[in-house]
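Structural description and commentary
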Amino acid sequence: KAGVTQTPRYLIKTRGQQVTLSCSPISGHRSVSWYQQTPGQGLQFLFEYFSETQRNKGNFPGRFSGRQFSNSRSEMNVSTLELGDSALYLCASSLGGANNEQFFGPGTRLTVL
Amino acid sequence: GENVEQHPSTLSVQEGDSAVIKCTYSDSASNYFPWYKQELGKRPQLIIDIRSNVGEKKDQRIAVTLNKTAKHFSLHITETQPEDSAVYFCAAPYLGGGGADGLTFGKGTHLIIQP
């Protein structure tokens, strides 16, 4: 099976802009979780989508949003970008029952100037 | 959500020695505790996990122990090798026992294997 893929791999934006990141899960996986990884804060949970519904949400401002499509592909959007949003954004897919192994994608490196 | 603390942040051991990384969690309802390894420039990968109905699990040189009463769990790596050098993350369900897949991660331990 193909692994989790993310596009784009690298992105440079300026403050105030918005950005959309995409994640394609492993075939058959119905859950997609998103994480922000930074040197200072480590891996932080953003949100999880299961069967097109947000099932779980971390402690991030409303500028961070996401959605999931009927084929389980997911997108996350960050509006009004801030310098502090510069990070590696990782998505992970899993079967979706609960407490299943999460398989990570390669990440999207976002730089905000 | 769940809160996970991980120690130490950096661990340097001689090749062939053992390494132990410890984590504590806050939500007594949490029932799943995975460990991920992330090599430089690569994605995190699951190396072992344990569920709350067992106290210990072993896979070759890697073992994980869980103490539910004290709410802590540990990763043990024996006979360390150069390829064990990486950052290791412990995790627990973000919603505790809430039936979802999002995880709360510890801050990570940078394991350095000295030749």
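Just above, that's the structure.
Residues numbered from 1 in each chain as written. Chains lettered and ligands numbered in written order. Predicted model: local features only at pLDDT ≥ 70, side-chain atom pairs only at ≥ 80, totals over all residues. Heavy atoms only, no water.

**Remarks on the interface of chain B and chain A**
Put simply, the rule reads: By the convention used here, residues are in contact when the closest approach between their heavy atoms is within 4.5 Å. Accessible-area loss on putting two parts together, using a 1.4 Å probe and summing over both, is the definition of buried area adopted here. By convention in these notes, a salt bridge is any Lys or Arg side-chain nitrogen within 4 Å of a carboxyl oxygen on Asp or Glu. Whenever a nitrogen or oxygen atom comes within 3.5 Å of another N or O atom, the pair is scored as a polar contact, on the condition that within protein one atom can donate a hydrogen and the other can accept it, and that pairs from neighbouring residues in sequence are kept only if both atoms are in side chains. By the criteria applied, helices consist of DSSP H or I runs no shorter than four residues and strands consist of E runs no shorter than two, each listed in order from the N terminus. Charged means Asp, Glu, Lys or Arg here, nonpolar means Ala, Val, Leu, Ile, Met, Phe, Trp, Tyr, Cys or Pro, and polar covers whatever is left, Gly included.
On the chain A side, the residues contacting the 19 residues of chain B number 28 residues. Summing the contributions of chain B and of chain A, the shared interface buries around 1,900 Å²; its carbon and sulfur component is 49%. When residues of chain B are sorted by the area they lose upon contact with chain A, Arg-43, Tyr-94 and Asp-101 of chain B head the list and together hold 32% of the total. Inspection of the region where chain B meets chain A yields one salt bridge. For Arg-55 of chain A, the salt bridge goes to Asp-101 of chain B, with nearest N and O atoms at 4.0 Å. Joining chain B to chain A, the criterion identifies 10 residue pairs in polar contact (both at pLDDT 80 or more). If you list the elements that add at least two residues to the side of chain B that touches chain A, you get β4 (32–38), β5 (45–51), β9 (86–93) and β10 (103–105) of chain B. With three residues, the top contributor of residues to the side of chain B that touches chain A is β4 of chain B. Taken together, the residues of the side of chain B that touches chain A sort by class into 11 nonpolar, four polar and four charged.

**Focus: the sheet that holds strand β1 (residues 5–7) of chain A**
Hydrogen bonds along the backbone pair up the strands of a sheet, which may run parallel or antiparallel. Residue and element names in this part refer to chain A. Put simply, the rule is: For two strands to be treated as a pair, DSSP must find at least two bridges joining them. Each axis is a line fitted through C-alpha atoms, and for a helix only the stretch in contact is used; angles between axes span 0 to 180 degrees, taken between their N-to-C directions.
Ordered in space as β1-β3-β8-β7, the four strands form an open sheet in which the pairing is antiparallel. At either margin of the open sheet sits one strand with a lone partner, and together these are β1 and β7 (64–68). Within this sheet the neighbouring strands show an average axis-to-axis angle of 20 degrees, counted without direction. With five bridges connecting them, strand β3 (residues 19–24) and strand β8 (residues 74–78) associate as antiparallel partners.

**Examining the pattern of salt bridges**
In total, this model carries eight salt bridges over all chains according to the counting rule given. One connected set of salt bridges, linked through shared partners, spans Glu-48 and Arg-55 of chain A together with Asp-101 of chain B.

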